[in-house]
Structure formats: structure tokens, C-alpha cells
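# Residue-level structural notes
Okay, here's what each chain looks like letter by letter:
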Amino acid sequence: MLLVMKTLAYRIYRKIIYFFRRIYVSAAPMRGALTHEKRPVRVIVSLTSYPERFSHIHIALKSIMLQTMKPDKIIVWLDDDVDRAQLTPRMLALEKYGIEYRSMPGDFKPHKKYFHAMQEFPDDIIVTVDDDQIYSRDMIETLIKTHERYPDAVCARRVHKMTKNPDGTIAPYNEWLGEYCGCDKPSHALVATGVGGVLYPPHCLYEKAFDTELITRLCLKADDIWLKFMELLNGTRVVWAPCRVPMPCLLEKEQGTSLRSENVGRNRNDAYFSMVRDYFNVQADAFEI
């Protein structure tokens with residue numbers, strides 16, 4: 001009963017946050033989205049989108065523009081069949097504040113959010129976000145502060161902790177400890193979930209991370225799973241960036257077009273996990289659970 005009450009209270013709390021955050025983001029005046037500070041290592045915010053999301057993406061983008069710690073670039077990666085005429089007036093209006101829209105070939109689904117940015121800016125910090133969330137103003141700041149503590153780790157505001165079955169195998173995805181906040185030290189047992197905002201330090205992924213044939217064959221619709229293995233195979237741990245609410249506010253109009261409902265609700269994450277694990281012959285002990 002206590003757990004049910006806590007869960008209900010958390011959901012109500014998140015609804016309240018969503019209500020006030022959306023009002024704030026909608027009403028806040030436009031201002032420059034990018035920093036004027038000269039950094040030795042730049043911070044690049046990278047995300048992807050598609051036309052079905054264009055009617056509301058400006059809200060997500062504006063929440064990135066209002067960060068307490070501003071990035072050096074904000075790039076929205078689009079498929080090359082997206083014509084500029086499809087961008088809404090609200091999207092185009094954000095360009096003068098620093099938002100970039102780039103069309104690139106290859107239908108890499110959610111992988112597009114990191115795929116091009118990491119290869120174009122290999123020596124910079126990449127922060128990935130989603131196009132259907134309203135992010136808190138301190139999202140980038142909390143990630144950077146955690147990165148300063150653990151410069152070699154992938155830093156994420158929302159992580160899951162993997163668990164094992166009695167026989168020592170990895171438990172199904174839906175049995176992992178979701179939105180795990182029990183440890184703020186880097187671990188191979190933690191899985192960064194892109195929805196919350198994830199910071200990738202330079203050169204943190206395995207050499208096969210950008211192998212388009214493998215991505216397409218093994219894990220096309222589950223970038224979090226693919227990236228977890230690319231981190232593990234590179235020896236890169238994941239660390240939780242402490243924050244009050246790990247899950248940002250989901251734009252309600254976008255819920256029906258989310259991959260999360262397919263991967264989690266239909267247990268597709270387990271299939272993707274198994275295919276990548278078997279291809280690279282990764283043993284359960286490697287995750288340090």
C-alpha cells in the first residue's frame with residue numbers, strides 16, 4: 001500500500017511539474033540559445049526529429065534554449081527526404097537564436113541523435129536529448145557537474161540498473177530497476193536512457209559504434225541498448241547525474257508516436273539486447289551486477 005501511495009504521489013508531482021514547466025517555457029522570452037564562453041572542449045546538444053513531431057518540437061527546443069548552462073551548438077538531425085518547406089514557422093524562428101537543422105542521409109531512426117554529431121565533433125562533449133520532452137533548466141548543468149567528477153563516464157540523469165535471474169543470466173528489461181537513484185558512482189550495471197538527457201565524453205564508444213550495417217541488422221530501434229554495449233566494449237562506465245526528477249516532462253501530444261511504447265511495452269528491448277549480446281559474445285559478468 002505504501003509503495004502504491006508513493007507511486008501515485010510521484011505521478012501527481014510530475015503532472016504538476018509538467019503543468020508549470022510548460023507554462024514557463026511557453027511564456028519565457030526568446031534569447032540566445034548558445035554560450036559566448038570559449039571552452040577547450042565544446043558542448044554539443046544533439047537530437048533528431050521527423051515531420052510528425054514538428055508541430056510541437058519548438059517547445060522541446062525552447063526548453064534547451066533556456067538552460068542555466070548553455071551549449072556551444074544545438075543541432076536537430078533530419079532525414080534527407082525532409083524538405084525545408086516542411087519545417088514549421090516556429091521551428092524556423094528559432095534559427096536566429098542558434099538552433100541548426102541538418103538533413104543527413106540514412107534512416108537510422110533514434111540513432112541519428114548521436115550518430116552524426118559524434119563523428120563530426122569527435123573531440124567534443126555530446127549531450128543527446130529527445131524531441132518530445134520539456135527539459136528542466138538545469139539539465140545540462142547537472143550533466144556537466146557530474147562529468148567534472150567522472151570525466152571518463154557517460155553521465156545520464158535517468159538510468160536503469162540491470163538485474164540478474166537466479167541462474168546468473170541478465171533479467172528481462174522490464175525487471176531492471178527503473179529510474180535507479182541508489183548510486184552516483186560509475187558502473188557497468190547502469191544503462192543510460194536517452195530520454196532524460198545523456199552526456200557522452202569524447203571517444204567513449206567502441207570502434208563498431210558507427211557500423212551502419214550492424215546497427216540496422218541488430219538494434220535499429222533501440223539506441224539505448226546499442227550504446228550500452230558500445231560503452232561496455234570500450235570499457236566506459238555509466239554514472240547517474242543526481243537530479244530530483246529523472247524523467248523529464250513528456251509532451252502529451254507526442255505519446256502516440258513514441259518508440260518507447262513498442263520497445264518496452266512489447267518487450268522488443270529484450271530481443272535487441274540478446275542480438276547485440278550474442279553478436280559480440282558478451283558475458284553477464286561483464287556488467288558487474
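Data block above holds the structure.
All of these numbers come straight from a predicted model, not from anything done at the bench. (Residues numbered from 1 in each chain as written. Predicted model: local features only at pLDDT ≥ 70, side-chain atom pairs only at ≥ 80, totals over all residues. Heavy atoms only, no water.)

Below, the discussion takes up the overall build of the chain. Summing up its helical and strand segments, the chain has 9 helices and 11 strands in all. Against the 2.2 N^0.38 benchmark of 19 Å for 289 residues, the chain shows a C-alpha radius of gyration of 18 Å, consistent with a compact globule. Dimensions of the chain along its principal axes, counting C-alpha atoms only, are 55 × 50 × 35 Å. Here the chain holds 289 residues, and the buried ones make up 52% of them. The contacts in the chain between residues at least 6 apart in sequence include a share of 83% that link residues at least 24 apart. Of the roughly 13500 Å² of accessible surface on the chain, 54% is carried by carbon and sulfur atoms. In the chain, 40 side chains carry a positive charge and 37 a negative one; their mean positions are 7 Å apart. (Helix = DSSP H or I, 4+ residues; strand = E, 2+ residues; numbered from the N terminus. Rg over C-alpha atoms; globule rule 2.2 N^0.38 Å. Buried < 20%, exposed > 50% of the residue type's maximum accessible area, 1.4 Å probe, protein only. Contact = heavy atoms within 4.5 Å. Areas by Shrake-Rupley, 256 points an atom, 1.4 Å probe, with all protein chains shown as cover. Lys, Arg positive; Asp, Glu negative; His and termini not counted. Charge placed at Lys NZ, Arg CZ, Asp CG, Glu CD.)

Attention now moves to the nonpolar core. Membership of the largest hydrophobic core comes to 48 residues, with the highest contact counts inside it found for Trp176, Cys219, Ile225, Trp226, Phe229, Phe273 and Phe287. Per-element accounting of this core gives the leading share, 6 residues, to helix α7 (residues 223-233). The residues contacting Cys219, other than those within four sequence positions of it, are His111, Leu214, Ile225, Trp226, Tyr272 and Val276. Within the second largest apolar cluster, 32 residues are counted, among which are Met65, Leu78, Ile125 and Val129. (Core = buried A, V, L, I, M, F, W, Y, C linked by side-chain atoms within 4.5 Å.)

Here we take up helix α4 (residues 112-120). With 7 of its 9 residues buried, α4 lies for the most part within the structure. Of all the residues in α4, the buried ones are Lys112, Lys113, Tyr114, Phe115, His116, Ala117 and Met118.

It is worth spelling out the packing of aromatic side chains at this point. Going through the model one piece at a time under the given rule, you end up with 11 aromatic pairs. With 4.7 Å between their ring centres and 40° between their planes, Phe108 and Phe115 make a pair best called tilted. Take Phe108: its relative accessible area is 10%, and that puts it in the buried class. The exposure class of Phe115 is buried, given its relative accessible area of 6%. Over the face of the ring belonging to Tyr272 we find Arg268, whose NZ or CZ atom lies 4.9 Å from the ring centre. (Phe/Tyr/Trp six-rings, centres within 6.5 Å; stacked < 30°, edge-to-face > 60°. Lys NZ or Arg CZ within 6 Å of the ring centre and 35° of its normal.)

For the pair α7 and helix α9 (residues 268-280), the least separation of the axes is 9 Å and the interaxial angle reads 30°. Our classification of the angle between α7 and α9 gives roughly parallel. Handedness of the crossing formed by α7 with α9: right-handed. Only Asn269, Tyr272, Phe273, Val276, Arg277 and Phe280 of α9 make contact with α7, whose side of the interface consists of Ile225, Trp226, Phe229, Met230 and Leu233. The class makeup of the residues in the contact of α7 with α9 is 9 nonpolar, 1 polar and 1 charged. (Axes fitted to C-alpha atoms, helices over the stretch in contact; angles between N-to-C directions. Parallel < 35°, antiparallel > 145°, perpendicular 65-115°, else oblique. Left-handed = near helix turned anticlockwise from the far one by under 90°. Nonpolar A, V, L, I, M, F, W, Y, C, P; charged D, E, K, R; others polar.)

With that out of the way, let us pick up the sheet that holds strand β6 (residues 154-156). Whenever strands of a sheet pair, they do so through backbone hydrogen bonds, lying parallel or antiparallel. Across the sheet, which stays open at both edges, the 7 strands sit in the order β3-β2-β1-β4-β9-β6-β10 with mixed pairing between neighbours. The open sheet has two free edges, formed respectively by β3 (99-104) and β10 (238-240), since each of these has just one partner strand. Across the sheet, the mean angle from the axis of one strand to that of its neighbour is 25°, orientation sign disregarded. Here β6 pairs with strand β9 (residues 198-200) via 2 bridges, running antiparallel. Note that in β9 the partner of Ala156 across the bridge is Val198. Those strands touched by helix α2 (residues 57-65) are β1 (43-48), β2 (73-79) and β3, and its axis lies near 155° from that of β2. Running at roughly 120° to β2, α4 makes contact with β1, β2, β3, β4 (125-128) and β9 of the sheet. (Pairing = 2+ DSSP bridges.)

Glancing now at the side chain of Lys70. Mapped onto the elements, Lys70 comes out in the loop between α2 and β2. Put simply, Lys70 is tucked away with no salt bridge, and the nearest opposite charge, on Glu141, sits 11 Å away. For Lys70, the side chain forms a polar contact with the main-chain oxygen of Gly32, separated by 3.3 Å. Separated by 2.6 Å, the side chain of Lys70 and the backbone oxygen of Met65 make a polar contact. Lys70 has contacts with Arg31, Gly32, Ala33, Leu34, Thr35, Arg39 and Met65, leaving out every residue within four places of it along the chain. (Salt bridge = Lys/Arg side-chain N within 4 Å of Asp/Glu carboxyl O. Polar contact = N/O pair within 3.5 Å; in protein donor to acceptor, adjacent residues only side chain to side chain.)

Glancing now at the pattern of salt bridges. Under the defined criterion, the tally for this structure stands at 22 salt bridges. Residue Lys112 is joined to Asp79 by a salt bridge in which the shortest nitrogen-to-oxygen separation is 3.3 Å. Here the residue Lys112 occupies a position in helix α4, and Asp79 occupies one in strand β2, the gap between them amounting to 33 residues. We classify Lys112 as buried; its relative accessible area is 1%. Judged by relative accessible area, which is 22%, Asp79 ranks as partly exposed. Here Lys113 and Asp223 are joined by a salt bridge, their closest N and O atoms 3.6 Å apart. On the criterion of sequence distance, the pair formed by Lys113 in helix α4 and Asp223 in helix α7 is long-range, its members being 110 residues apart. In this pair, the class of Lys113 matches that of Asp223, namely buried. Taken together, the shared-partner salt bridges in this structure form one network comprising Lys73, Glu100, Arg102 and Glu120.

On their own, these measurements won't tell you what the molecule is for.
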